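Descriptive structure summary
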Amino acid sequence: FGQAAEVAVVDLKAREKALELRRRQLVLVPDEVSALEALEGLLTQGSSWEELAHHYRQWIQAVGGTPDEMDLRLRRGVLLDTHLQQTSAAIDEGLLALSVGSSDAVLAFLEDLLSRESGASPDRRRIAERLEEAYASVGRGWGARAAVQEALRATSSSDEERVRCLMAIGELHWKEGEDPS
């Protein structure tokens, strides 16, 4: 046990030194991709979730407006949801990722968050509204579109909107009910 403890201390010190060096490198060159990825790996390896969320935020700022932004926002959203239990912040990141671009991964992440929200929560409504907009421009199966309409119906305070949603659900079942994907 003594030797194993000494090796663990050496490994921990090496990890801390590597973290320090990567942080210094990023101070000098904030958008150095290899350093950003290396720091991500070190933080993940050490389960430093809060610091990793902060790292993603800085990385997003460094690559803002590039194709990498959507993927990083999605990674940050998943991290916030799974490791930090910050569902509202995860929803924010997912919606920001969707505003940058649409991918199956972003849509699947938001659909998962939507399926876990219940009742008339404001978060459920925010997700459903944005997914409805996204589905208008991408091909998504009728089952997913019906789930969004159901969430909009459940969160509506207007009888007119509830009727519109029910009619949309009925139309989806009638026109496309053969394949729920």
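Here we take up the side chain of Glu69. With respect to the helices, strands and loops of the structure, Glu69 is situated in helix α4 (residues 68-82). The class of Glu69 is buried, set by a relative accessible area of 11%. Residues within four places of Glu69 in sequence aside, it is in contact with Ile60, Val63, Gly64 and Val100.

Take helix α6 (residues 104-116) next. Counted at 1.5 Å a residue, the expected span for α6 with its 13 residues is 18 Å, and the 18 Å between its end C-alpha atoms agrees. Buried residues of α6: Val106, Leu107, Phe109, Leu110, Leu113 and Leu114, and no others. Considered in projection along α6, the buried side chains sweep an arc of 160° and stay on one side of the axis. The exposed set on the far side of α6, more than 90 degrees from its buried face, consists of Asp104 and Ser115. On its buried face, α6 is in contact with α4, α5 (87-100), α7 (122-137) and α8 (142-155).

So, about the packing of aromatic side chains. Following the criterion strictly, the structure yields one aromatic pair and no others. Centroid distance Tyr56 to Trp59: 6.3 Å. Interplanar angle 25°. Geometry classified as stacked. With a gap of three residues between them, Tyr56 and Trp59 both fall in helix α3 (residues 49-63), about one helical turn apart. Overall, Tyr56 belongs to the buried group, its relative accessible area being 5%. Overall, the relative accessible area of 4% leaves Trp59 in the buried class.

Thresholds applied
Throughout, a residue's number is its position along its own chain's written sequence, starting from 1. This being a predicted model, a pLDDT of at least 70 is required before a residue's local features are given, and a value of 80 or more before pairs of side-chain atoms are given or counted; all residues contribute to the totals for chains, interfaces and linings. Only hydrogens and water are removed before side-chain values are computed, so all heavy atoms of the structure are retained for them. In this description a helix means any DSSP run of H or I spanning at least four residues, a strand means any run of E spanning at least two, and both kinds are numbered starting from the N terminus. Burial status follows relative accessibility: with a 1.4 Å probe on protein chains alone, a residue under 20% of its type maximum counts as buried, one over 50% as exposed, and anything between as partly exposed. Only heavy atoms matter for contacts: two residues are in contact if any of them lie within 4.5 Å across the pair. What a helix is expected to span follows from its residue count: subtract one and scale by 1.5 Å. Note: the arc covers the axis-to-C-beta directions of the helix. Stacked, tilted and edge-to-face are the three classes applied to pairs of Phe, Tyr and Trp rings, where Trp contributes its six-membered ring and a pair requires centres within 6.5 Å; stacked means planes under 30 degrees apart, edge-to-face means over 60, and tilted covers the rest.

Bear in mind that shape data such as this cannot, by itself, settle questions of function.
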